[in-house]
Amino acid sequence: MSDRDSCNALADRFRSFSSRDRLDEDLAADVARILRSALEQRGKASLVLSGGSTPKGFFGTLAKEDLDWSRVTVTLADDRWVRADHRDSNDRLVRENLLQGAAGDAQFVSLVTQDEHPRDAVSEISKRLADLGTIDVMILGMGGDGHFASLFPGAENLSAGLDLSSSDTVIAVDPITAPHARMSMTLARILDSRHLIVHIVGEEKRAVLERARLEKDAATLPIAAVLASEAPAATVYWAP
Ligand SMILES: O=C(O)[C@H](O)[C@@H](O)[C@H](O)[C@H](O)COP(=O)(O)O
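Structure report, in brief. (Residues numbered from 1 in each chain as written. Predicted model: local features only at pLDDT ≥ 70, side-chain atom pairs only at ≥ 80, totals over all residues. Heavy atoms only, no water.)

Digging into helix α4 (residues 90–97)
Item 1. Here α4 has its buried residues at N90, D91, L93, V94 and N97. Taken end-on, α4 shows its buried residues confined to a sector of 165°, consistent with a single buried face.
Item 2. The inward-facing, buried residues of α4 contact β2 (45–49), α3 (56–62), β3 (72–76), β4 (78–80) and β5 (107–109). (Buried < 20%, exposed > 50% of the residue type's maximum accessible area, 1.4 Å probe, protein only. Helix = DSSP H or I, 4+ residues; strand = E, 2+ residues; numbered from the N terminus. Arc of directions from axis to C-beta. Contact = heavy atoms within 4.5 Å.)

Okay, here's the thing in structure tokens:
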């Protein structure tokens, strides 16, 4: 691939929107199109989401899309180890903003159990995700520290979470830069996806993403490991 082609390829992989609302509308339409195509081709579809504050508008817009949600499995790339009614729960965020109306028929798989710590639930959550197979749409967010899912810089087992040869589906993470213990998919599980999307907003995160792309050091900016993936290659959806 020539330098010009690689620049064009990179440009194609970075979709910039004039507003967060426009991003949410286009992302919801793109994801719905992929899910409908998966339903036609394979009779089922899978969607893995990230939590945090960024995706709330996207979830609400996607919930309005007309498709056979009853054949769509929805789960999370990670969740905080809190009760499902806690304000910081990604499970709650998805249930309250996406799984409404027709989208309420989706098959939701929670990453949280009643166990005291996520390390005690890795086996159970791995079983829950055992039949997921190659994911149709994987949507990642990114923190200002370059984390994605709950693979945080400085976390004791970050290297295990980023190990591309790992056969683990999820790992328990005790972040040092964020609250709550977490259950997180591993990078190896995340990359077994047909469509890989990074959804971020704001100038600060755009600068962090660009730094990660240039420095290529996943230990300090874990998102660099996602950007390094060529199959699947991540498409970034960004708005100011
Ligand atoms: O549980 C989580 O926190 C998310 O899955 C995480 O990976 C999120 O995508 C980033 O932290 C960005 O969060 P914001 O959108 O709140 O900045």
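Things to note about the layout of surface pockets
Item 1. Counted as a void, the second largest pocket has a volume near 320 Å³.
Item 2. As for the second largest pocket, its lining consists of 24 residues, and the residues nearest its centre are G51, G52, G141, M142 and H147.
Item 3. Counted by class, the lining of the second largest pocket contains nine nonpolar, eleven polar and four charged residues. (1 Å grid on protein atoms, 1.4 Å probe; cavity = no way out; pocket = protein on both sides within 12 Å on 5 of 7 lines; lining within 4 Å. Points joined across faces, edges and corners; volume = space filled by probe spheres on them. Nonpolar A, V, L, I, M, F, W, Y, C, P; charged D, E, K, R; others polar.)

Topic: the site of the ligand
Item 1. Of all residues adjacent to the ligand, which total 16 residues, the nearest are T54, D78, R80, A149 and K205.
Item 2. N90 places a polar side-chain atom, nitrogen or oxygen, 2.8 Å from an oxygen atom of the ligand.
Item 3. At a separation of 2.8 Å, an oxygen atom of the ligand approaches a polar side-chain atom of H147.
Item 4. Notes on the ligand: free accessible area 410 Å², of which the protein chains cover 87%.
Item 5. When atoms are counted within 2 Å of each cavity's grid points, the one that captures over half of the ligand is the second largest pocket.
Item 6. Of the residues in the shell around the ligand, the class split is three nonpolar, nine polar and four charged. (Near = heavy atom within 4 Å. Polar contact = N/O pair within 3.5 Å; in protein donor to acceptor, adjacent residues only side chain to side chain. Areas by Shrake-Rupley, 256 points an atom, 1.4 Å probe, with all protein chains shown as cover. Sits in = over half its atoms within 2 Å of the grid points.)

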